[in-house]
Amino acid sequence: MAVLVHFDAHGRWGETLVCEHRIADALAVLGLHSGQVPVREDVGEGLEAACDAYAAELAELRQRLDVHSMDRLVLRPGHPGWARLRRGFLAEHTHGEAEIRLFLSGTGLFHVRHAQGFIGLLCEAGDWVSVPAGMPHAFDGGEQPDFDALRLFGGTEGWVARPTGAGRLRLPLLDDFVEQLLRLNGQALDEPE
């Protein structure tokens, strides 16, 4: 289930939304779209296996975006290149084409800049989000990434990130974001022994 948090221009935590319809309405005002699909177990490895498992859902998403390219990004804890990849994902950037990201498993956090500040959108398995071309955003998979996502692009160079020059946004990263959500709900993360 997705969670959306509004941040002001200074990065202060604001309204928190957990209702799918309220999240969709808030995102639509900003030009983004989101939704959920049923999660499939044992999808198999590779892009083709994911496309086969989610064929019906992908057909519906393709109606939203004229897809020219697609890839599958799978990152697990201990990934040797994560530190380098994470730096790139965390630097605010845009893409020349629209993108839809569909989470097959795991969790990821998008930060999106808009006229009044920022939003943080936490996505989990089954969530998808559509980011229009040119929208400034960043992404985090946490200290130990654990997600599997399909990325659908409206062009052949959609994966090319164009840095905005803003660098890393001063907003909570995935692990801190989740910890704050738990605190707001009166829970706390168990500390490792």
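Rules used throughout
Throughout this document, residue positions are counted from 1 along each chain, in the order its sequence is written. Local features are withheld for residues below a pLDDT of 70 in this predicted model, meaning they are given only at 70 or higher, and side-chain atom pairs are given and counted only at 80 or more; totals for whole chains, interfaces and linings count all residues. Neither water nor hydrogens contribute to the side-chain values; these are computed over all heavy atoms in the structure. Whether a residue is buried, partly exposed or exposed follows from its accessible area with a 1.4 Å probe, protein chains only, as a fraction of its type maximum: under 20%, in between, or over 50%, in that order. Strands here are runs of E lasting at least two residues and helices are runs of H or I lasting at least four, both read from the DSSP assignment and numbered beginning at the N terminus. Whether two strands pair depends on DSSP finding at least two bridges between them. Note: the arc covers the axis-to-C-beta directions of the helix. The contact rule is simple, with two residues in contact once any of their heavy atoms fall within 4.5 Å. Salt bridges, as used here, are contacts in which a Lys or Arg side-chain nitrogen is within 4 Å of a carboxyl oxygen on Asp or Glu. Side-chain rings of Phe, Tyr and Trp, where Trp is taken by its six-membered ring, are said to pair if the distance between their centres is within 6.5 Å; with planes under 30 degrees apart they count as stacked, over 60 as edge-to-face, and otherwise as tilted. We define a nonpolar core as any set of buried Ala, Val, Leu, Ile, Met, Phe, Trp, Tyr and Cys residues linked to one another through side-chain atoms lying within 4.5 Å.

Draft legend 1. A look at the pairing of strand 9 (residues 137–140). Residues of strand 9 alternate between two faces, with His137 and Phe139 on one and Ala138 and Asp140 on the opposite face, all of them buried. As paired elements, strand 6 (residues 99–114) and strand 9 share four bridges and run antiparallel to each other. Within strand 9, the position partnered with histidine 111 by the bridge is alanine 138.

Draft legend 2. Just helix 3 (residues 55–62), in detail. Regarding helix 3, the residues found buried are Glu57, Leu58 and Leu61. Buried residues in helix 3, looked at end-on, bunch into an arc of 95°, giving them a common side. Residues of helix 3 that are exposed and point more than 90 degrees away from the buried face comprise Ala56 and Glu60. Tucked into the core, helix 3 has its buried residues touching helix 2 (47–53), strand 6, strand 8 (127–131) and strand 10 (147–153).

Draft legend 3. Looking closely at the pattern of salt bridges. Enumeration over the complete set of coordinates arrives at 11 salt bridges. Arginine 40 is paired through a salt bridge with glutamate 57; the nearest N and O atoms lie 2.5 Å apart. Taken together, the positions of arginine 40 in the loop between strand 3 (33–36) and helix 2 and glutamate 57 in helix 3 put the pair 17 residues apart, joining distant regions of the chain. On the accessibility criterion, glutamate 57 (10% relative accessible area) is buried.

Draft legend 4. Spotlight on the packing of aromatic side chains. Under the definition given, this model contains nine aromatic pairs. Ring plane angle 80° and centroid distance 5.4 Å describe the contact between phenylalanine 7 and tryptophan 13, whose orientation is recorded as edge-to-face. Judged by relative accessible area, which is 3%, phenylalanine 7 ranks as buried. We classify tryptophan 13 as partly exposed; its relative accessible area is 25%.

Draft legend 5. Looking closely at the pairing of strand 4 (residues 69–75). A large share of strand 4 lies buried, amounting to five of its seven residues. Sheet topology note: the strand 4/strand 10 ladder contains seven bridges and is antiparallel. Residue arginine 72 lies in a different strand from strand 10, and its bridge partner there is leucine 150.

Draft legend 6. Just the nonpolar core, in detail. With 24 residues, the main nonpolar core has Leu32 and Leu121 as its most contacted residues. Only helix 1 (20–30), strand 4, helix 4 (82–90), strand 6, strand 7 (117–124), strand 8 and strand 10 provide two or more residues apiece to this core. For this core, the element with the most residues is helix 1, which contributes four residues. Within the second largest apolar cluster, 16 residues are counted, among which are Val37, Leu61, Leu104 and Leu150.

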